[in-house]
Every structure is written in C-alpha cells, then in structure tokens.
Amino acid sequence: MRKRVISILATTMMGVSVMSQGEESGLSLDLKGAVEYAIANNKNLMNARQELVKSDKSVWEAISQGLPQVDAVLDYMTYFNYELQFEFGVTEDFEFTQEMINDAATRTLSEFPGVTAQDLYNHSAGNYYDGVLQSNMPPATIQMSDQLTAKLQVAQLIFSGQYIVGIQTARLAKIISRQSLENSEANTKESVVNAYYLVLITESSLDMVRQNLDNLELILGQTKKMYETGMAEAIDVDQFRITVNQLENSMKSLERNLELNYNMLRFTLGIPAGTDINLSDDLDGLFEGMEPAGLLLEDFQKESNITYRILSSQAEISKKLWKIEEWNFGPTISGFYNYNFKLRTTNFDMTPNHLAGFAVNMPIFSSGMRAAKTTQARIDYEIAERDAEILGDRLELQNRQMKYNLQSSLENYYTQKENVSVARRVLDSYRMKYQQGMASSMDVTQSNSNYLEAISSYLQAIFEVMNAKIQLEKLMNNLSSL
C-alpha cells in the first residue's frame, strides 16, 4: 500500500510538471502517458483512494473496540449548602438536662413496674430507657458543601465472538475497497483509451475530408474554366459545387466532434476544459502496436476478473455476518476499573476511591429472534455465493463472445483496409478520365463519395478492433499492461 501511494504521488508530480510546461506549449501525451496521468489526477480515482483510506481506518476502529478504553471525567456538583438531618447521634458538646433524665426514668418505671431506680442505672445499652433518652435528642445535621471529583475510568473487553468476527469483516471490507479502486482504475484506463482513439480517429477523418475537399475544389476550379471555354456543362459545375458544399459541412461537423472528443479526454484526465492537449501518438502507429490477435490465444481465468473477485469478497463478508449472528448466542465478558480522586468533597461521602469489577452477558431466551436473524444471514450468504457462481458462468460466456467479436472486427478491418485502396484507385482513375473527357462529373462525385465512405468504414473498423481488444483485456484484467 505504501509503495502504491508513493508511485501515485510520483506520477502526480510528473503530471504537475507537465502542466506547468503546458501553460506555454500545451500538454503533450502519448497513450501510456495519458493513462498514467489519468490514474494520478482523475477525480473519481481520488475519491476511490480516499475510500480505501477510510476502510483502513475502519479496520482499526473495529480492533480498538476490544482494546482498553480510558476516559477521564471531571465532575463538579453544588448542593447550595443543603443541611442533611439525621435522627440519631448528637454533637460532642450535647448534654442531657436533669429534666430529660427524670422524664426518661418516669416513663420507664411506668412501663415496667418491676424495675427499680437502681436498675435504670445498671442498664445495658439499647434498652427502653436509652430509647427514651435518644428520643429527647435533637437531630444531627451535616452541611452538604460543594463537591469536585476527578475520575479515571478504564474498560476492557475480555471476550466476545462478535468482536473477533467483526474485525475479520472489517478487513474483508478493506479488501473490497482495494478491489473497487482497482476496478475504478480499469474503468478509467478504458475511458482514456476510448477517448484517445476517438480523438485520433476524428482527426484522421478530418484530415481525409480536408484533403478530399482541396482536391474537389481544384477540380471545381478546373471545371469552371472548362465551362467558360465550352468544354463542360453547367450541370458539371453544379454537381461539383454541391459535393464541395457537402464536404464543407462535413468538415465543420467533424471539427465540432473533435472538440467534443477532446473535452471528453480532458474530463477523463482530470484537467480543465480549456487546457491544450497534444496527442503525440499517431493512429497507425498505435494500431500496429496493439497486436490484438494475440489475445485470441490467451486462456481466461475467472478468478482474475476484478468484478468476480469483488463479488467473491462480498460473499465472504456475508459469511462473516452470518457468523456474527451465530455469536449472538454466545457470552460477552467485559471488565472495568474506576479511580476517583476527590479534589473537594462533602462531610458525608460514601463513594470509594477505587472500584473494579467485571460483567458476563449470557443470552438465554429471545423468543426465536436470534435464530430467525441467524437463518436470514445464512440465506444471504448462500445467495451471495450463488451470485458469484452465476457471474463466473456469465464471464465464461462473455469471454467466448468477446473473442468472437475481436475475430470478426479484425476480419472486417482487413476488408475495409483493402476497400480504401480500391476506392482510392477508382477515384484517381475517374479523375484522370474526367480531365480527358472520358468520364462524367457524376462518375467523379460518386467515386468520391464511395472513397469517403470507405475511409469512414475503415476508421470505424479500427475503432471496433480497439474496442473489442480493450473489452477483452478488461475481462481478463490485463489493462495493467497499458
């Protein structure tokens, strides 16, 4: 993870230096450089990397719940000088009056006729005579002064099956976040390659239309002179004028599409819309270096597909959630220790300075609620596992279909490439014949339209081969080679 972050930062710094140069000369990128730049600067990928950091912290959050928890508390309380009264006990300076003693003796002798006065003074503590004397005492009072206490509380989870499985689940969630980042990177690479090729294909189309337009304008000028000398008809001039106008409209439309495709590329790269970009790779060179036919011979392993790996990890999380529900039947043991440091206290304080203990929570009966939740969690796991199997079967079919698509697109590419050569020869032939008066303007314009259509089909075939190749590479998780 650390090496990966360093690599991303290095690539980002490279992108910053390129941008600083780009302020004067624009941003020049080949396809590989564009992919690396997007990996470092694409905003969606930045969010995905932050999600990975969050998942890493969530793992520690799960672990820390079972580690010692220490809290410090400062409590202050005022009783507004409240006086607490007790009906027993007296203050040290209290003395019984003779009247109180006589009253207690009289009441005792009247209650117990056989008791003599001498017996009263030979009594044991707690007899009726003492009770009478106590009833004559005034109540004792304690003034409740303000209280200030500093507490140190320490709690420790001793055992919990849910805690152990929860840590495992958090770690699996981190794995899914890492896999999601990898999937986002693959999607970004795909988007960059598509946008890069679209720009190159649009530029090639625009160049072809411009060249064709220049040639037709030259023929139009020649046809006008031939018409002025009576060697051509007005319909020939009109025919070429219509074709020139159509090409001019096509050129303007392609220029707008080119700017749109550049903006798509800028957005994927994560740069402002107004930044100048120069694509240093050319279409023919890129296509020759693709070597798409080699993919047709590669074996497909579903375990390498990032989507399958994500779904398998989600199935594992469902399994852990099932285990957590099973642990709802098990005990949870925790312990605690409190230390109270009394900075200021009242005269009546029954709170000890040290407290320690432990608690055991053992579920006994929940009317089937825990069993029902456990069954639901088990079913969720079985469904998730089956979904992964279904995806694996679907990926096998996609592998076969994508290889068929790549094979068909390659065959179509070779056909369209030959068609361009043939259409070019036909167009050149009709141009020469027209100049010699052996072909009509309709023949030239029709052959020119066929040539432009052949070029369009050829460029479309290149894009289809590229798209089929990158789709197959993404399925096999081979985009890292870009």
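Below: a short report on this structure. (Residues numbered from 1 in each chain as written. Predicted model: local features only at pLDDT ≥ 70, side-chain atom pairs only at ≥ 80, totals over all residues. Heavy atoms only, no water.)

## A closer look at the overall build of the protein chain
In terms of helices and strands, the protein chain carries 12 helices and eight strands. Looking at the protein chain as a whole, 36% of its 482 residues are labelled buried. In the protein chain, the share of contacts with a sequence separation of at least 24, taken over all contacts with a separation of at least 6, comes to 83%. For the protein chain, the exposed surface amounts to about 28700 Å²; the carbon and sulfur share of it is 54%. (Helix = DSSP H or I, 4+ residues; strand = E, 2+ residues; numbered from the N terminus. Buried < 20%, exposed > 50% of the residue type's maximum accessible area, 1.4 Å probe, protein only. Contact = heavy atoms within 4.5 Å. Areas by Shrake-Rupley, 256 points an atom, 1.4 Å probe, with all protein chains shown as cover.)

## Quick word on helix H11 (residues 369–435)
One turn of an α-helix holds 3.6 residues; hence residues three or four places apart share an orientation. Look at H11: 93 Å from first C-alpha to last across 67 residues, which is about the 99 Å you get at 1.5 Å a residue. Two residues or fewer after H11 comes Gly-437, characterised by a positive phi angle close to 80 degrees. (Expected span 1.5 Å × (residues − 1).)

## Some points on a negative patch on the surface
On the surface, Glu-303, Glu-316, Glu-385, Glu-389, Asp-393 and Glu-396 cluster together into a patch of negative charge. Per-element accounting of the negative patch gives the leading share, four residues, to H11. Counting through the fold element by element, Glu-389 comes out in helix H11. (Patch = residues over 30% accessible without salt bridge, like charges linked within 9 Å, V, L, I, M, F, W, Y side chains within 5 Å. Salt bridge = Lys/Arg side-chain N within 4 Å of Asp/Glu carboxyl O. Lys, Arg positive; Asp, Glu negative; His and termini not counted. Charge placed at Lys NZ, Arg CZ, Asp CG, Glu CD.)

## Considerations on the packing of helix H7 (residues 161–228) against H11
The contact between H7 and H11 brings their axes to 12 Å, and the two run at 15 degrees. As far as their axial angle goes, H11 and H7 are roughly parallel. The way H7 lies across H11 gives a crossing that is left-handed. Across from Asn-212, Asn-215, Ile-219, Gln-222 and Thr-223 in H7, the residues of H11 making contact are Leu-427, Arg-431, Tyr-434 and Gln-435. Its residues assigned to classes, the contact of H7 with H11 shows three nonpolar, five polar and one charged. (Axes fitted to C-alpha atoms, helices over the stretch in contact; angles between N-to-C directions. Parallel < 35°, antiparallel > 145°, perpendicular 65-115°, else oblique. Left-handed = near helix turned anticlockwise from the far one by under 90°. Nonpolar A, V, L, I, M, F, W, Y, C, P; charged D, E, K, R; others polar.)

## Focus: the pattern of salt bridges
Counted according to the given criterion, the structure contains 13 salt bridges. Across the salt bridge formed by Arg-309 and Glu-182, the nearest N and O atoms sit 3.0 Å from each other. With Arg-309 in helix H10 (residues 306–326) and Glu-182 in helix H7, this pair connects stretches of sequence that are 127 residues apart. Residue class for Arg-309 comes out partly exposed when judged on its relative accessible area of 24%. A salt bridge links Lys-323 to Glu-326, with the shortest nitrogen-to-oxygen separation between them at 3.6 Å. A residue pair is termed a helical-turn pair when its members lie 3 or 4 positions apart in one helix, as Lys-323 and Glu-326 do in helix H10 at three residues. You can call Lys-323 partly exposed: its relative accessible area is 29%. One network of salt bridges, with partners in common, ties together Asp-207, Arg-210 and Glu-255.

## Side note on the side chain of Arg-266
Looking at the secondary structure, you find Arg-266 in helix H8 (residues 234–269). Reaching out from Arg-266, the side chain makes a polar contact with the backbone oxygen of Ala-273 at a distance of 3.2 Å. Discounting chain neighbours no more than four positions away, the residues touching Arg-266 are Glu-259, Ile-271, Pro-272, Ala-273, Thr-275 and Ile-277. (Polar contact = N/O pair within 3.5 Å; in protein donor to acceptor, adjacent residues only side chain to side chain.)

Shape descriptors only; they carry no functional weight alone.
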